[in-house]
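Observations on chain architecture
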2 protein chains.
Amino acid sequence: MNGAQALIRTLTGAGLDVCFSNPGTSEMHFVAALDAVPRMRGVLCLFEGAATGAADGYGRMAGRPAATLLHLGPGLANGLANLHNARRAHTPLLAVVGDHATYHRRFDAPLESDIDALAGSVSAWVRRPARSADLAADAAAAVAAAARPPGGVATLILPADVSWSAGAEPAPPVPPRAPAPVPHDVVGAAEAALRGGGPCVILLGGTGVRRAGLEAASRIAEAAGARLLCETFPARLERGAGIPAVSGLAYLAELAAPQLAGARHLILAGAAAPVTFFAYPGRPSSLVPEGCQVHVLAEPGDDVPGALAALADLVAPGVKPVPQPPARPALPDGDLTGESAAAVIGALLPEGAIVSDEANTSGLWLDGATAGAPPHDWLTLTGGAIGQGLPLATGAAVACPERPVLALEADGSAMYTISALWTHAREELDITTIIFSNRSYAILGMELERVGVVATGHAARSLLDLSRPALDFTALAAGMGVPASRATTAGELASQLRRALAEPGPHLIEAVVPPLG
Amino acid sequence: MNGAQALIRTLTGAGLDVCFSNPGTSEMHFVAALDAVPRMRGVLCLFEGAATGAADGYGRMAGRPAATLLHLGPGLANGLANLHNARRAHTPLLAVVGDHATYHRRFDAPLESDIDALAGSVSAWVRRPARSADLAADAAAAVAAAARPPGGVATLILPADVSWSAGAEPAPPVPPRAPAPVPHDVVGAAEAALRGGGPCVILLGGTGVRRAGLEAASRIAEAAGARLLCETFPARLERGAGIPAVSGLAYLAELAAPQLAGARHLILAGAAAPVTFFAYPGRPSSLVPEGCQVHVLAEPGDDVPGALAALADLVAPGVKPVPQPPARPALPDGDLTGESAAAVIGALLPEGAIVSDEANTSGLWLDGATAGAPPHDWLTLTGGAIGQGLPLATGAAVACPERPVLALEADGSAMYTISALWTHAREELDITTIIFSNRSYAILGMELERVGVVATGHAARSLLDLSRPALDFTALAAGMGVPASRATTAGELASQLRRALAEPGPHLIEAVVPPLG
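Residues numbered from 1 in each chain as written. Chains lettered and ligands numbered in written order. Predicted model: local features only at pLDDT ≥ 70, side-chain atom pairs only at ≥ 80, totals over all residues. Heavy atoms only, no water.

Moving on, we get to the state of the cysteines. This model, assessed by the stated rule, comprises 0 disulfides over all chains. The cysteine Cys400(A) is free of any disulfide, with Cys45(A) supplying the nearest cysteine sulfur at 17 Å. Its sulfur unpaired, Cys230(B) is 16 Å from the next cysteine sulfur, which belongs to Cys200(B). (Disulfide = S-S within 2.5 Å.)

Here's what the structure looks like:
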């Protein structure tokens, strides 16, 4: 068989059976081979960023990689921002990047570019097989590399002739590697910190913010009087009624500082030491308080829940985790604002929902309003590269077709990868998108002041303004086959959201809200 | 003054006064400085690819660089595909990529990534000033590097603290470098080839396809009996009634081969030696016929028109160029197809129009139908990275506000950077967009057969199909403030195009055409 057929059989044999695709000529043999391997599901996206973001959402929810199929260097470039977010999320993900035939590269045809340089910037693993006979083994290694804890982007650069040439056979899967257990002495050091006196903060991240990790961490906090926080932008946070709640470290340094203030010990469980998102004139980059000792209980690739459980058994034997009590806000009346929209969402969020949160400034009230809703997963913008939310929802919905997906999306961010809506419609995915339409890059209006800009004039302000002309997201959605409506009051949002959640398939609601209001 | 202010003053002092912008927090001081330097026009784009493509269109038409303002590595990544096209077009272009503060990078904050690796893949020049005092001199050098013949992408990586810190002063412009004159012996070698007997082909590219180069080349071809061709995807081709016509080398190798068949000498004037766009099983990559000698008369950075004129004076003294006679197709009736749409466009194309051509397979008939229209410029997809056309039109319209711009756009390609329409509306640009809506990746349907795939099934075909659901481009345009209509007959297209051309500001016409029909 040819390389492409052996490649796809190897992938499905390794349990990888979804490929978010935006192919070109150099990928045509891969595309043709899809008919020979019906188990592989090709999902067409209209832009590479919509494909890579979908693979990220899939990997976060399925816990195993999906593939993306991208067209040479420019195709990879278009997918790179969401691969950056996937890298920060430690998502298992296989990027297959079609390339010119091996012998064609030296001719510097128009699409030739430095694929390796781009791939290297986001990938934990990159390989470029030179012969069809090598392709399947490389593909098996790629899947294993993507899945290696904590998960990462593996990039397989696929020359067209390696894809079309015969002489290939499928390769068996490479056995997966388990997360590394955390040694006793490391757990013991964290125990000593907790018992040593002085305020202690436990910062959770990665797999530490799933239910098992949260329950162990809750026991520790309860028994040792430690403060519990999680990283600002977790890849996948399990939360809601019955699950121990954890506050996220604030995005704004001036709010994060009090969360950490006075800590003598900071125990990291799957999270990195906290730093500010951006630098600001005259302010430190590190958020670790002076004199605070940092202890790494578990790296992201370690068995974070296991380490937390071991620590809990030491310091909190017999102590129970403190579950979040069920609670929903009342359905609000009146004006639609970020706050009332959050209350509507909190009141109606279905059990088992997956929330793709790229609401940015409009989402400030979401955390509080949904904390006591039925159990759900919360996916956030891990790498700060906006344009993640709609594609991420695609992938989450493909991974979990039985669960409702909510994409909570800022208007400015939505426009980066708006064509993801077409895939929502084509695949009839059960995704309800709420666009927070405040008609501005509101976060930049805030940041303009925070970075120390004193006076701003018309030229600067106009570059943050999305109101001339106002984007009509109901028209944009209709143009891509997604039924849409516009809400201008809290009551309208509630009735529209209720209807959207009750019907299968995609919907979009444009929620018109004031900036930062 | 701070670095940002000195930077912008240096740019305007060097004649660079337009910045296509998609800023973030790390660029806020740059944005604020725009009010201090009103001569710099900031044009907001909703996606970085829309900004870089606009800068490409501006540079091609203005002959001097515009800037783009991009936000860290992910922002550059999103703009990279159109920077790739700009690189292939030899467009002078300055990319300003905001970065974290110098001291912040080592903290590996979420948006940290390898900007240098990405920038290196598309740039002729990259620099990262470390101090505010160095910034202005680096900016002046960047403008000069971008403008250095034949033109290229210069990338200035701008750390936030270098932007916000005081102690900077504007720097004077670096004197521009002229294209290199071509030595007499090189011109003489081309003369010898022309006189040496045997069929000769002159392949024009770069600045050789502007009026002066075409006139000289026409004289040479006329006097020496040489065949005249131009590169398949010129950055900017001057054409129409009164200008010598030149056939483009065909995109399909099987059509390009007969254009070059039998040539004993191939003279390159601003063009690279011809190669196939993609590799195909069993076919050679080079299009140079066996036994044909290749002569480089002028590299893209040389004075290509000057070299052609010198050669013409040697071989064609007193010979006049052969101008294209004026001719327009009759306005067709009946079905709307790629062919009848081309006739409508040829019948109505206004004098001085700038055409951004990303019509792909639907555009096969455009060349013939518009050849004898009044003089106009034709901009093509130089690097093969689709999603160029709408942004390119933005930049061309900003560069030449007195000229009508036509964006001829394939539906699939349009979706990559569809948000460019919003900037068309916001800036009230005189751009008429025609979307060739054939509801498929038709070129891939063709390529699927050309790469030797014998039988294709449903799975493969469905990945080339854009009909489920059908994209409604009139809704998409309305959602971004661009007045739009749909044409389903040749007569409707004619009346809608006439109206759009008569009114100022942007318009969009969705021309529903059959695939490859």
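Picking up where we left off.
Right, let's talk about helix H6 (residues 132-147) of chain A for a bit. Residues and elements named next belong to chain A. Spanning 16 residues, H6 covers 24 Å between terminal C-alpha atoms, matching the ideal 22 Å at 1.5 Å per step. Within H6, 12 of the 16 residues are buried, which leaves the element mostly enclosed by the surrounding structure. The complete set of buried residues in H6 reads Ser 132, Leu 135, Ala 136, Asp 138, Ala 139, Ala 140, Ala 141, Ala 142, Val 143, Ala 144, Ala 145 and Ala 146. Considering only its buried residues, H6 is in contact with helix H1 (3-13), strand S4 (93-99), strand S5 (125-127), strand S6 (153-159) and helix H7 (160-164). (Helix = DSSP H or I, 4+ residues; strand = E, 2+ residues; numbered from the N terminus. Expected span 1.5 Å × (residues − 1). Buried < 20%, exposed > 50% of the residue type's maximum accessible area, 1.4 Å probe, protein only. Contact = heavy atoms within 4.5 Å.)

Of the transformation placing chain A onto chain B, the axial shift is 0.0 Å and the rotation is 180 degrees, giving an RMSD of 0.0 Å. Considering both components of the superposition, the chain copies are consistent with a two-fold axis. The fraction of interface residues of chain A whose copies in chain B are also interface residues reaches 100%, indicating that both copies meet through the same surface. (Least-squares fit on C-alpha atoms with pLDDT ≥ 70 in both.)

Moving on, we get to the sheet that holds strand S12 (residues 293-298) of chain B. Spatially, 5 strands are ordered S10-S8-S7-S11-S12 (chain B) in an open sheet, and the strand pairing comes out parallel. Each edge of the sheet is formed by a strand with only one pairing partner; in this case those strands are strand S10 (247-248) and S12 of chain B. (Pairing = 2+ DSSP bridges.)

We now examine the interface of chain A and chain B. Across the boundary between the two partners, chain A contributes 93 residues, which contact 93 residues of chain B. When chain A packs against chain B, close to 7500 Å² is buried across both sides, 68% of that on carbon and sulfur atoms. Between the two partners, chain A and chain B, sit 2 salt bridges. Between Asp108(A) and Arg88(B) there is a salt bridge; the shortest N-O distance is 2.7 Å. Our count for the chain A to chain B interface comes out at 34 residue pairs in polar contact (both at pLDDT 80 or more). (Buried area = accessible area lost by both parts, 1.4 Å probe. Salt bridge = Lys/Arg side-chain N within 4 Å of Asp/Glu carboxyl O. Polar contact = N/O pair within 3.5 Å; in protein donor to acceptor, adjacent residues only side chain to side chain.)

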